[in-house]
Amino acid sequence: KGMTPPRRILFPPEEICMDWRQRQRPGAGLCNLGSTCYINVVLQCLTYTPPLANYLLSREHSRLCEPVSLSLLVLHVRKVLRSSTSAIWPRAVIRDLKCKNFSEFEPDTAGDAFEFLRCALKAMQRACLSGSSNLDISSQTTTIVHQIFGGFLKSRVTCLRCQAVSDSYKAFLHVLLDIKEVSSLTAALEDFVTPKQLDGKNRFQCRKCEKITVSKRITVHHVPKVFTVCLERAADHTGKKINTFVEYPEYLDLRPYMSDTAREPLLYSLYAVVVHSGDTCLDGHFFCYTKASNGLWYKMDDESVDNCGIHAVLRQQAYLLFYAR
């Protein structure tokens with residue numbers, strides 16, 4: 001509603017399977033090749049994203065993408081889920097980090113899990129679009145990557161003088177939330193959609209009356225199949241870390257944060273959590289918790305994969321949260 005429909009659908013959304021097609025024990029852990037824990041946690045969370053794993057394991061992508069992105073990932077996912085060993089070496093992924101898709105990451109230096117996830121999704125999106133020319137913006141968001149991880153945000157600017165309204169829309173693959181003054185995920189989402197007055201460097205001039213006293217409200221206009229959240233723990237540019245515990249639920253209703261809040265609930269289930277341990281954002285260690293296809297939770301810390309309960313999962317100082325519709 002209110003948006004330009006795509007002229008071409010690159011991947012039919014009805015073909016996305018949200019439930020695991022196969023139920024099995026968790027796969028292998030990932031060996032740390034030298035400060036690569038931030039890469040390992042993202043690879044594990046992607047591996048245990050049901051619709052993505054189903055798609056990659058079906059090999060449907062092979063005719064559409066270039067070798068370095070999705071083809072490399074499908075080999076990795078197959079190796080992890082079907083390995084008979086307790087841990088594998090993700091050498092192929094690490095080896096290709098110096099290619100054009102991941103030029104800012106060096107395997108021997110510490111990195112940030114969110115930045116790696118962001119770049120990985122962008123690289124996968126580019127792979128899906130390779131060979132597709134002259135696509136309008138709406139059509140570009142119909143790839144398998146956007147069909148799984150992507151949604152749309154609605155930005156409504158309201159003039160506080162003449163009440164004129166201007167709407168715009170932006171595609172997203174993840175949401176970054178400010179947690180400086182909140183103690184829960186729902187409070188952070190509520191703050192995210194609360195109208196904010198624009199002033200100073202964020203001034204926006206009303207097109208109707210040309211005044212600059214306006215407010216801006218961002219809401220989720222179209223929800224993704226997988227809702228990915230980063231809880232911003234960097235206090236400032238110095239690397240100081242926000243160590244506040246932010247409560248997050250096992251089941252999340254996105255309806256209160258939508259453009260249209262009057263309809264039925266939009267329920268999501270938590271399936272992966274990335275945790276950063278360390279005193280600052282510039283050092284430390286990443287590990288994650290994922291829900292395997294057998295319905296059980298596991299703590300994945302590089303090579304080790306250990307069974308755990310949901311109560312342990314919900315007590316973590318979360319950095320990244322993954323929810324499936």
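Below, the structure is looked at part by part. (Residues numbered from 1 in each chain as written. Predicted model: local features only at pLDDT ≥ 70, side-chain atom pairs only at ≥ 80, totals over all residues. Heavy atoms only, no water.)

A word on the nonpolar core
Grouped together as the largest cluster of nonpolar side chains are 56 residues, with contacts concentrated most on A113, F149, V274 and L320. With sequence-adjacent residues up to four places away left out, L320 is seen in contact with A113, F114, L117, V229, C230, A272, V273 and V274. With 36 residues, the next largest nonpolar core counts I242, L252, Y257 and A318 among its residues. (Core = buried A, V, L, I, M, F, W, Y, C linked by side-chain atoms within 4.5 Å. Buried < 20%, exposed > 50% of the residue type's maximum accessible area, 1.4 Å probe, protein only. Contact = heavy atoms within 4.5 Å.)

Topic: unusual backbone geometry
The phi dihedral of Q163 falls on the positive side, at around 65 degrees, and the residue is not glycine. With phi around 55 degrees, D302 is a residue other than glycine that occupies positive phi space.

Topic: the packing of aromatic side chains
Throughout the structure, instances matching the rule amount to six aromatic pairs. Ring centres of Y38 and F116 lie 6.1 Å apart, and the angle between their planes is 90 degrees; this geometry places the pair in the edge-to-face category. Note that Y38 is positioned in helix α1 (residues 37-47) and F116 in helix α5 (residues 113-129), a separation of 78 residues in sequence. With relative accessibility at 1%, the residue Y38 sits in the buried group. (Phe/Tyr/Trp six-rings, centres within 6.5 Å; stacked < 30°, edge-to-face > 60°. Helix = DSSP H or I, 4+ residues; strand = E, 2+ residues; numbered from the N terminus.)

A short note on the pairing of strand β4 (residues 165-172)
Note: strand β3 (residues 151-159) against β4, eight bridges, orientation antiparallel. Residue pairing in the sheet places V157 in a bridge with S166 of β4. What sits between β3 and β4 in their antiparallel hairpin is a turn of five residues, with Q163 showing a positive phi close to 65 degrees. (Pairing = 2+ DSSP bridges.)

Overview of the side chain of K154
Of note, K154 is situated in strand β3. Looking at K154, the relative accessible area reads 13%, which means it is buried. Sequence-distant contacts of K154, that is, excluding residues within four places in its chain, are made with D167, S168, Y169, R217, I218, T219, H221 and S259.

Observations regarding α5
Taking 1.5 Å of rise per residue, 17 residues should cover 24 Å, and α5 covers 24 Å from first to last C-alpha, within 8% of that figure. Within α5, 13 of the 17 residues are buried, which leaves the element mostly enclosed by the surrounding structure. If you check the start of α5, you find a side-chain oxygen 3.1 Å away from the backbone N of F114, and it comes from D112. Two residues or fewer past α5, G131 is found with a positive phi of approximately 85 degrees. (Expected span 1.5 Å × (residues − 1). Polar contact = N/O pair within 3.5 Å; in protein donor to acceptor, adjacent residues only side chain to side chain.)

Observations concerning the pattern of salt bridges
One pass over the structure, following the stated rule, counts five salt bridges. Of the charged contacts, one joins D167 and K154 as a salt bridge, the two residues approaching to 3.7 Å between their closest N and O atoms. Separated by 13 residues along the polypeptide, D167 in strand β4 and K154 in strand β3 bring together distant segments of the chain. Judged by its relative accessible area of 32%, D167 is partly exposed. Residues joined by salt bridges that share partners form a network here, namely K154, R156 and D167. (Salt bridge = Lys/Arg side-chain N within 4 Å of Asp/Glu carboxyl O.)

So, the packing of α1 against α5
Interhelical geometry of α1 versus α5 gives an angle of 50 degrees and a closest axis separation of 8 Å. The orientation of α1 relative to α5 falls into the category oblique. The handedness of the crossing between α1 and α5 comes out as right-handed. For the pair α1 and α5, the contacting residues are Y38, I39, V41, V42 and L46 in the first and A113, F116 and L117 in the second. Looking at the contact of α1 with α5 residue by residue, the classes come out as eight nonpolar, no polar and no charged. (Axes fitted to C-alpha atoms, helices over the stretch in contact; angles between N-to-C directions. Parallel < 35°, antiparallel > 145°, perpendicular 65-115°, else oblique. Left-handed = near helix turned anticlockwise from the far one by under 90°. Nonpolar A, V, L, I, M, F, W, Y, C, P; charged D, E, K, R; others polar.)

So, the environment of S138
With respect to the helices, strands and loops of the structure, S138 is situated in helix α6 (residues 137-140). When the C-alpha atoms of S138 and T4 are compared, they prove to be 6.8 Å apart, with 134 residues separating the residues in sequence. Among residues more than four places away in sequence, those in contact with S138 are T4, P5 and P6. Of note is the side chain of S138, whose polar atom sits 2.7 Å from the backbone oxygen of T4.

Comments concerning the side chain of T143
Tracing the backbone shows T143 in the loop between α6 and α7 (144-149). The buried category is assigned to T143, whose relative accessible area is 2%. A distance of 2.4 Å separates a polar atom in the side chain of T143 from a polar atom in the side chain of Q125. Discounting chain neighbours no more than four positions away, the residues touching T143 are L10, F11, Q125, C128 and L129.

Quick look at the environment of S183
Relative to the elements of secondary structure, S183 occurs in the loop between β5 (175-178) and α8 (185-193). Measuring from C-alpha to C-alpha, the distance between S183 and F245 comes to 6.6 Å, with 62 residues separating the pair along the chain. Excluding its chain neighbours within four sequence positions, the residues that come into contact with S183 are F245, V246 and E247.

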